[in-house]
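The chain contents come next:
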Amino acid sequence: MLNSFSFRPTRSVFRSPGFLQPRTIFLAACAVVYSPWLFLGYGHDDDAYRMIQTGRVLIDQGRYVGSRNPGYLIPELGMLPLDLLGGSLATNLGTLVLGLLALWALWGIFQRLGTERPLLPLLCLAALPVFWLNATTSMDYVWAIGFVLAGWLMLLDRRWVFGGILLGLAIGSRFTSVIAVVGILGYCCWTTREKRSAILASSLALVIGIACYLPSAAEYGWTLGFLEPAGLGGQERWTWPLRIGRWAYKNIYIWGLPTAFFLVGLVPLVVRRWRHLPTPAGVLIVGLVLAYEMLFLLYPLDPGYLLPVVVFLLLGIGLALGDRTKLLGAFAFLILVSGFVSVNLARPDVPFAATDAKLGLWIQPGPLIEGARMRIRLRGCETVACWHERLGVPRETVP
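This write-up is about the structure you can find in this document. (Residues numbered from 1 in each chain as written. Predicted model: local features only at pLDDT ≥ 70, side-chain atom pairs only at ≥ 80, totals over all residues. Heavy atoms only, no water.)

1. Description of the packing of aromatic side chains
Thought 1: One pass over the structure, following the stated rule, counts 14 aromatic pairs.
Thought 2: Their ring planes at 45° and their centres at 6.4 Å tell us that Trp-152 and Phe-312 sit as a pair that is tilted. Linking Trp-152 in helix H6 (residues 141-156) with Phe-312 in helix H14 (residues 307-321), this pair joins segments that are 160 residues apart in sequence.
Thought 3: Taking the centre distance of 5.4 Å and the plane angle of 85° together, the rings of Phe-175 and Tyr-213 count as edge-to-face. Of this pair, Phe-175 sits in the loop between helix H7 (160-173) and helix H8 (177-191) while Tyr-213 sits in the loop between helix H9 (195-211) and helix H10 (214-219), placing them 38 residues apart in sequence.
Thought 4: Residue Phe-175 is classed as partly exposed on the basis of its relative accessible area, which comes to 37%.
Thought 5: Tyr-213 sits in the buried class, given a relative accessible area of 6%.
Thought 6: Grouped by ring-pair contacts, the aromatic residues Tyr-34, Trp-37, Trp-132 and Phe-340 constitute a single cluster.
Thought 7: Over the aromatic face of Trp-240 sits the side chain of Arg-243, whose NZ or CZ is 4.6 Å from the ring centroid. (Phe/Tyr/Trp six-rings, centres within 6.5 Å; stacked < 30°, edge-to-face > 60°. Helix = DSSP H or I, 4+ residues; strand = E, 2+ residues; numbered from the N terminus. Buried < 20%, exposed > 50% of the residue type's maximum accessible area, 1.4 Å probe, protein only. Lys NZ or Arg CZ within 6 Å of the ring centre and 35° of its normal.)

2. Section: the state of the cysteines
Thought 1: Scanning the entire structure with this criterion turns up one disulfide.
Thought 2: Two residues, Cys-381 and Cys-386, share a disulfide whose sulfurs are 1.9 Å apart. Its S-S torsion of about -70° marks the bond between Cys-381 and Cys-386 as left-handed, since a negative value means left-handed. With respect to burial, Cys-381 and Cys-386 carry one shared label: buried.
Thought 3: Unpaired in terms of disulfides, Cys-188 finds its nearest cysteine sulfur in Cys-189, a separation of 7.2 Å.
Thought 4: We classify Cys-188 as buried; its relative accessible area is 1%. (Disulfide = S-S within 2.5 Å.)

3. A word on empty space enclosed by the protein
Leftover empty space is mapped by rolling, across the atoms, a probe with the size of a water molecule.
Thought 1: Taken as a whole, this structure holds one cavity of 30 Å³ or more when the rule is applied.
Thought 2: The computed volume of the largest cavity comes to approximately 60 Å³.
Thought 3: Surrounding the largest cavity, Tyr-249, Ile-252, Tyr-253, Gly-256, Leu-257, Ser-342, Val-343, Asn-344 and Leu-345 form its lining.
Thought 4: Counting only elements with at least two residues in the lining of the largest cavity, the list comes to helix H11 (240-253) and strand S1 (341-348).
Thought 5: Sorting elements by how many residues they give to the lining of the largest cavity places S1 first, with four residues. (1 Å grid on protein atoms, 1.4 Å probe; cavity = no way out; pocket = protein on both sides within 12 Å on 5 of 7 lines; lining within 4 Å. Points joined across faces, edges and corners; volume = space filled by probe spheres on them.)

4. Overview of the layout of surface pockets
Thought 1: When its volume is computed, the second largest pocket comes out at roughly 610 Å³.
Thought 2: What lines the second largest pocket is a set of 25 residues, and nearest its centre among them are Leu-263, Val-267, Val-289, Glu-293 and Leu-313.
Thought 3: Broken down by secondary-structure element, the contributors of at least two residues to the lining of the second largest pocket are H11, helix H12 (257-274), helix H13 (280-298) and H14.
Thought 4: Residues that form the lining of the second largest pocket fall into these classes: 22 nonpolar, two polar and one charged. (Nonpolar A, V, L, I, M, F, W, Y, C, P; charged D, E, K, R; others polar.)

5. Description of the nonpolar core
Thought 1: Core analysis: the largest hydrophobic core is formed by 112 residues, its most contacted members being Leu-103, Trp-152, Trp-255, Phe-312, Leu-315 and Phe-331.
Thought 2: With sequence-adjacent residues up to four places away left out, Leu-315 is seen in contact with Leu-106, Ile-109, Phe-110, Trp-152 and Ile-285. (Core = buried A, V, L, I, M, F, W, Y, C linked by side-chain atoms within 4.5 Å. Contact = heavy atoms within 4.5 Å.)

This is the structure in structure tokens:
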């Protein structure tokens, strides 16, 4: 049974866990299982090649050109030396390090919030394709969530300076991390007596976060033009029926259809466990899930946008159902199977830029298999133009 959502700092988050500790074994196993995907080029998303191009332009021309609005400075700069040292393998390894940091930090957060057995919820996250694939590609999603979770763990352990810096880096990795950062800082101000330290952490996060977008502002002549989303395509792609359809489909797609039904079945049990626990952590988790879902409804683009929803939803499920090992084990098993075998509900009329879809039920290879196949086709690519050519996708069709 859930103990509490209480704020329980520990003496040190940097104590060596030992080689035989469950968390160390789990992280090592994830690294081994993920490793084949590291060798499959920069990634399946064309934005990965834009990120690499940002670093190369900076080296060749001495100027910053963001991969896309509003800028993703921290992973763009972080991948620059890695790309120079070892190409796609090194940049993918850099992302994997942040993915393992996210899992390590989330394990600690579970323990600080009252769950002593976080393995199964973490296994659900590690097995989910939206995390697995993004943890092994040269993209920014996992960089952001890794810094968010590590920053939160630092704050739970009252390491205010480290926490503020990490949360600032999270904002600099993805602008939408502001939602999680504001929520976490508000939670910490609510639950600690050290108000001045919490304000210090908030100030550090704010200053670092703002500094990370100064190059983007300079690129746009010190205007706010860098905040305007680019490349969304024509208005015909953004009618409300299409918007809602994309939102619903991609929320199902990231879990897999059988897993999504199982997840819906968990909701009443989770609610029963939580309804008598109006705690800061419960409010934070529900608030962040709703906020990110509303944002995704506005821009239902890449499933990676839903990664914060997945993380905080699994945190809530783990806190509520930590003693239901059989239930969580079945959930983890369905997630793993859905990664390799998928039951699909819809097929787009135009890949990557659908304005209509054919509905039905199709049994097909899951996202992990499809992602690997796509990346094998893209091996050797280093530019967005190559991505379009290899996949046969005209430039004008991609929003």
